[in-house]
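# Observations on the model geometry
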Amino acid sequence: GAVVSQHPSWVICKSGTSVKIECRSLDFQATTMFWYRQFPKQSLMLMATSNEGSKATYEQGVEKDKFLINHASLTLSTLTVTSAHPEDSSFYICSAWAKNIQYFGAGTRLSVL
Amino acid sequence: AQSVTQPDIHITVSEGASLELRCNYSYGATPYLFWYVQSPGQGLQLLLKYFSGDTLVQGIKGFEAEFKRSQSSFNLRKPSVHWSDAAEYFCAVGLTGGGNKLTFGTGTQLKVEL
């Protein structure tokens, strides 16, 4: 149980385009999901907390207009990287919260050319 | 603010040897404690957790961890390491009533020599 699916696993896009990443809890409902960014050989950096039916809460220093988060249902949160630039290239990981535990997706590797 | 320290960035052990990965946290109360494992290019898998009760907790893949309040530690152990255990290990702390956020340590990269 407690499976989180993240899609796509890898995406390449041109600079200036937008990319959407989906995070789904497959066998449970998650009122809260989290989005992280991970740089090579580093730990996870929390970007934002996504709550179903309300606006996301962004961590300090994260541009909310660049990283749009939508949590329209209890099983789906999306992260849209708008007007992507090469510096946005990174590994993005989502998690879904249930019973005091965060369950993680497999991550999305974003490469912006 | 709470913090999590994993003092060892890299650890190399021989297959079949025992393993201990260290984790210390800084927080006024007892937090929720977690160990996750990450294989290259993958997300994080929960190995085990501590919320309350017995301070020695068992997890998946033969791992265990012991919560020591006096030392603010939550070290991960495995009696006999397998080559497939090579991965990055993260200790994480969650606040009770803290909005479900986690604070992660910097991770320990485990290499297993055959």
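In what follows, the structure referred to is the one given above.
As a starting point, this report considers the structure included with it. (Residues numbered from 1 in each chain as written. Chains lettered and ligands numbered in written order. Predicted model: local features only at pLDDT ≥ 70, side-chain atom pairs only at ≥ 80, totals over all residues. Heavy atoms only, no water.)

### Observations regarding the overall build of chain A
Each helix and strand in chain A was counted, giving zero helices and 11 strands. Going from N to C terminus, chain A has its helices and strands arranged as β-β-β-β-β-β-β-β-β-β-β. Whereas a compact globule of 113 residues would reach a radius of gyration of roughly 13 Å, chain A reaches 13 Å, a difference of no more than 12%. Dimensions of chain A, computed from C-alpha atoms along their principal axes, come out at roughly 40 × 25 × 20 Å. (Helix = DSSP H or I, 4+ residues; strand = E, 2+ residues; numbered from the N terminus. Rg over C-alpha atoms; globule rule 2.2 N^0.38 Å.)

### Examining a nonpolar patch on the surface
On the surface, a cluster of nonpolar side chains totalling about 380 Å² of accessible area is made up of Trp10, Ile12 and Leu113 of chain A. Position of leucine 113 of chain A relative to the elements: it lies in the segment after β11 (108-112). (Patch = residues over 30% accessible without salt bridge, like charges linked within 9 Å, V, L, I, M, F, W, Y side chains within 5 Å. Areas by Shrake-Rupley, 256 points an atom, 1.4 Å probe, with all protein chains shown as cover. Salt bridge = Lys/Arg side-chain N within 4 Å of Asp/Glu carboxyl O.)

### Overview of the pairing of strand β10 (residues 87-94) of chain B
Residues and elements named next belong to chain B. With respect to burial, β10 is a largely interior element, eight of its eight residues being buried. The pairing of strand β5 (residues 32-38) with β10 spans seven bridges and is classified as antiparallel. Paired with glutamine 38 across the two strands is glutamate 88, which belongs to β10. Summarising the sheet, β10 and strand β11 (residues 102-104) pair through three bridges and their orientation is antiparallel. Bridge pairing links alanine 92 to phenylalanine 104 in β11. (Buried < 20%, exposed > 50% of the residue type's maximum accessible area, 1.4 Å probe, protein only. Pairing = 2+ DSSP bridges.)

Nothing here speaks to function; it is geometry throughout.
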